[in-house]
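# Structure at a glance
Here is what each chain is made of, one letter per residue.
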Amino acid sequence: MPFLNILCPLFIWIHKREDNPLYDAHGRAVINFQITMTLIYALAFIALLSVEGFGFLFFIAVIPYTAIVMLANVIAVIKAQKYFYPSIPFLGKRG
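Per chain, the residues get numbers from 1 upward, laid out in the order the sequence is written. In keeping with the predicted nature of the model, local features appear solely for residues at pLDDT of at least 70, side-chain atom pairs appear and are counted solely at 80 or more, and the whole-chain, interface and lining totals rest on all residues. To get the side-chain values, all heavy atoms of the structure are used, and hydrogens and water are removed first.

## Overview of the pattern of salt bridges
- Salt bridges are identified by distance alone: a Lys or Arg side-chain nitrogen within 4 Å of an Asp or Glu carboxyl oxygen. Tallied over the entire structure, the rule returns three salt bridges.
- As a salt-bridge pair, lysine 16 and aspartate 19 come within 3.8 Å of each other at their nearest N and O atoms.
- Between aspartate 24 and arginine 28 there is a salt bridge, and its shortest N-O distance comes to 3.3 Å. A residue pair is termed a helical-turn pair when its members lie 3 or 4 positions apart in one helix, as aspartate 24 and arginine 28 do in helix α2 (residues 21-50) at four residues. Of the two residues, aspartate 24 and arginine 28, both sit in the buried class. Think of it this way: any DSSP run of H or I at least four residues long counts as a helix, any run of E at least two long counts as a strand, and we number them from the N terminus. For the exposure calls, accessible area comes from a 1.4 Å probe over protein chains only, and a residue counts as buried if that area is under 20% of its type's maximum, exposed if over 50%, partly exposed in between.

## Let's talk about the environment of methionine 37
- Among the secondary structure elements, methionine 37 is positioned in helix α2.
- When the C-alpha atoms of methionine 37 and phenylalanine 11 are compared, they prove to be 18 Å apart, with 26 residues separating the residues in sequence.
- In what follows, residue pairs with any heavy atoms lying within 4.5 Å of each other are defined as contacts. Discounting residues that sit within four places of it in the chain, methionine 37 has contacts with Val62, Tyr65, Thr66 and Pro86.

## So, the nonpolar core
- What is meant by a nonpolar core is a set of buried Ala, Val, Leu, Ile, Met, Phe, Trp, Tyr and Cys residues, joined one to another through side-chain atoms within 4.5 Å. Judged by nonpolar contacts, Ala29, Phe33, Met37, Val69 and Tyr85 together constitute the single largest core of five residues.
- Top element by residues in this core is α2. It accounts for three residues.
- Other than its neighbours up to four places away in sequence, phenylalanine 33 contacts Thr66, Val69, Met70, Tyr85, Pro86 and Ser87.

Written as structure tokens, this is what we have:
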């Protein structure tokens, strides 16, 4: 299912964001990261079709990078409750 990587965290965040401010912050970070990675994957697909050589490497590198960042954040959150998701802030900080 396309966009399931965005929709699942979005639904969980919508239901849990009021329970704890930590859930809200982590949920926003995860959703922003997933939207950013989806856009980068779309750009990588365009690069695959238009840029010879580099486009293929870029296309192949996006999914492992996403998986590694997610796994590293899962471990960091379990150990120290800290996270770092490099992303574009689509959902801003709650003000």
